[in-house]
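Residue strings, one per chain:
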Amino acid sequence: MQIEVEELTKLYDLKRGLQPTSFSVKKGELIAVVGHNGAGKSTLMKMLAGWILPDNGQATIDGIVLRNRMAVVEKVGFVPEIPNLFDFFTVEYNLKLFAYLFRTPFSRVDEVLREFNLLSFRNNKIQTLSKGLKQRVNIGRTLLANPSVLLFDEPTSGLDFEMTKELYRLLKNIHDDGKTIFFTSHRPEEIKTLATRIMVLHDGSLIFDGSPKDYFQSEVYVNLYAL
Amino acid sequence: MIRNILILTLNDLAIAIKNKSIYLIIFIPFFVFVTLKLIDSPSIDEIPVKIGFIQNENYAPEIMLTVKAAGQIIKVTWVQDLQEGVQLLKEKKIDGVLLRNTNKRDSLKLLVLKKESFHTIVIVEKFLALQKAAEGYRDAWISDIEELYDGGIQRQALPTWILMLVLLIGFIILPAQVAEEKEKRLILALLQTPIREVEWLIAKVLTGMLLTLVAILLLHILSGFGVVHVPSYMAFIAVGGFCFSAFGVFLGFLCRNQASARTLGVVFYLPHLLPSALSDFSQQLSAIAPLLPSYQFYGPVKTILLEEGTIANLSFEWGYLLLVGALAFYLSSILLKKRWLMK
């Protein structure tokens, strides 16, 4: 197993957060983490990314414990819902800064610019870009270090139809490269089209973990998400 | 239209409350009130002044008699010569040295560190009061005042400007920058790379130190004032830059956004600036100011710039600043590790 999560817990006020949760993930899976707002999806993602420290429990990625941040960041890339880039600098500057910090050669920046159709925007400041373009830069930055696991928190939030389609294409390409992907989502069509496995969180607890086919036939889907 | 304006005004006020800017409206008047209370010294007569008299100097007998009779309010220290008097003055063991004014019969020349200071005012006032009691109004005994600090008022103001710059960078610029990086989750993006938390912290503190250095260098270039003991001066600028930059980074960690960081910065900026900068003018402030890290920076910078002091005599202050900076740095590193207010 590539990822092992054991009793991972993080609780905030009013019982929000993530109740003790356990699961394991094989290499190359494309997992949709589904749930209402406040279900604990982002908390799970942020804990796996090292943004939030768990109250309890343990997780390993390729045998490396989460608390070993220096080693984990080489394995995991996290794309948050709101792109966190240096707004006042150009696309190229942002990518080069992170390439330097990842100790990746600058030639990789050109590759990413090409792969993500960002060559014509390389000298544009981030603050002048649309949300979709910012998200592309954000994903490109995460892929600079070539991590084996990618976490996407609400990747299509705020994107229009065309940009959402473009992002699906990107996710599929990344998955085809053999990477393990987690993404949180509200949209059934997103889950149907992309995921190879569905995990449903409700009030901080994992209430379903299975294939998309089983999910759409399950009581969980009918009770919680079907119109 | 009026209704919309009212609603928008109320909304702006709510934002000011939410981002804590409103606290400054309460804090600044309160702070000014407290400072004014400390500056205004109603019992100036009760404060004894320490005056150095030079042995073998031919002082007018009626002056000496009156001074001796006023032993409660004027403490006399006899010094061997002017050199010893200057030394005691620099060490702040006495407030002034009285010399016979060779240009005017039966009058005195007062030697002080700085003309525009609280101590000089007290000395002159006390001697005027003594003279009035002894002989009624005549020509003032103290007919001339000479100051030890050279370079005039502009040079004497230099330490205050330097303190302002260092505190501005430490308490206003850096906390806002750190809070912005937290607010926009840029720190978290940087910590998604294999950098150590301590590297990020050191970079922030170094930025503050570099900004401090550049600002002070520009100040010297533009004002044209040089420094005699450059290594000592550099050592204090470096340790002051470190201390207040680390302090500023720590303040930034206590805030969720830039607006609250600016508010908190001002709350720290004014109490660090004013008591130290005004300590020359108030006995009470000069008693409180040494408790602040800013005074442990301001005092030595003043000594080095105006009295040609060196770090050899200022090691306590240097160590104190280093310690405060190290403590702030350590606390910041704990908050960074805990991802404080960065969810």
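Residues numbered from 1 in each chain as written. Chains lettered and ligands numbered in written order. Predicted model: local features only at pLDDT ≥ 70, side-chain atom pairs only at ≥ 80, totals over all residues. Heavy atoms only, no water.

In the nomenclature of an unreviewed UniProt entry, chain B corresponds to ABC transporter permease from the organism Pelovirga terrestris. Turning to chain B, the UniProt annotation filed under Subcellular location (unreviewed entry) states: "Cell membrane". (UniProt positions renumbered as here; feature names shortened; annotations may be inferred.)

Going by an unreviewed UniProt entry, chain A carries the name ABC transporter ATP-binding protein and comes from Pelovirga terrestris. Here chain A is described in UniProt, under the heading Sequence similarities (unreviewed entry), as follows: "Belongs to the ABC transporter superfamily."

This part takes up the UniProt feature "transmembrane region" (unreviewed entry) in chain B. Those places that UniProt annotates as "transmembrane region" (unreviewed entry) correspond, in this numbering, to residues 21-39, 158-179, 200-221, 233-254, 261-278 and 318-336 of chain B. Taken end to end, residues 158-179 of chain B has its terminal C-alpha atoms 31 Å apart, with 100% of it in helix and 0% in strand. (Helix = DSSP H or I, 4+ residues; strand = E, 2+ residues; numbered from the N terminus.)

The next point concerns the nonpolar core. Membership of the largest hydrophobic core comes to 94 residues, with the highest contact counts inside it found for Phe182 of chain A together with Trp200 and Phe253 of chain B. Counting 67 residues, the second largest nonpolar core, distinct from the first, contains Ile63, Leu110, Ile216 and Leu305 of chain B. (Core = buried A, V, L, I, M, F, W, Y, C linked by side-chain atoms within 4.5 Å. Buried < 20%, exposed > 50% of the residue type's maximum accessible area, 1.4 Å probe, protein only.)

Residues and elements named next belong to chain B. Looking at the assigned domains, one finds that chain B contains domain 1 (44-147) and domain 2 (152-337). Centre-to-centre separation of domain 1 and domain 2, based on C-alpha positions: 38 Å. In total, about 920 Å² of surface goes out of reach between domain 1 and domain 2, with carbon and sulfur atoms giving 48% of it. Broken down residue by residue, the surface that domain 1 buries against domain 2 is led by Lys114, Glu116 and Phe118, which jointly contribute 52%. For the pair domain 1 and domain 2, the interface holds zero salt bridges. Summed over the shared surface of domain 1 and domain 2, the result is one residue pair in polar contact (both at pLDDT 80 or more). (Domains from an automatic or database assignment. Buried area = accessible area lost by both parts, 1.4 Å probe. Salt bridge = Lys/Arg side-chain N within 4 Å of Asp/Glu carboxyl O. Polar contact = N/O pair within 3.5 Å; in protein donor to acceptor, adjacent residues only side chain to side chain.)

Before going further, it helps to examine a nonpolar patch on the surface. Residues and elements named next belong to chain B. Residues Leu210, Leu213, Val230 and Met234 make up a contiguous nonpolar surface patch of roughly 330 Å² in combined accessible area. Breaking the nonpolar patch down by element, the ones donating at least two residues are helix 8 (197-223) and helix 9 (230-253). Val230 gets classed as partly exposed once you look at its relative accessible area, which sits at 41%. (Patch = residues over 30% accessible without salt bridge, like charges linked within 9 Å, V, L, I, M, F, W, Y side chains within 5 Å. Areas by Shrake-Rupley, 256 points an atom, 1.4 Å probe, with all protein chains shown as cover.)

All names here are of chain B. By the secondary structure assignment, Val79 is in strand 2 (residues 74-79). The class of Val79 is buried, set by a relative accessible area of 0%. Each C-alpha atom of the pair Val79 and Val205 lies 47 Å from the other, and the pair is 126 residues apart in sequence. If near-sequence neighbours (up to four positions away) are discounted, Val79 is found in contact with Phe53, Ile54, Gln55, Glu84, Gly85 and Leu88. (Contact = heavy atoms within 4.5 Å.)

Residue and element names in this part refer to chain B. Taken together, the five strands give an open sheet; going across it, the order is 2-1-3-4-5, and neighbouring strands pair in mixed fashion. Each edge of the open sheet carries a strand with a single partner, namely strand 2 and strand 5 (142-147). Adjacent strand axes in the sheet meet at a mean angle of 30°, parallel and antiparallel pairs treated alike. Of the strand pairs in this sheet, strand 3 (residues 96-100) and strand 4 (residues 108-112) are connected by four bridges, and their pairing is antiparallel. Among the inter-strand pairings, Val97 is bridged to a residue of strand 4, identified as Leu111. (Pairing = 2+ DSSP bridges. Axes fitted to C-alpha atoms, helices over the stretch in contact; angles between N-to-C directions.)

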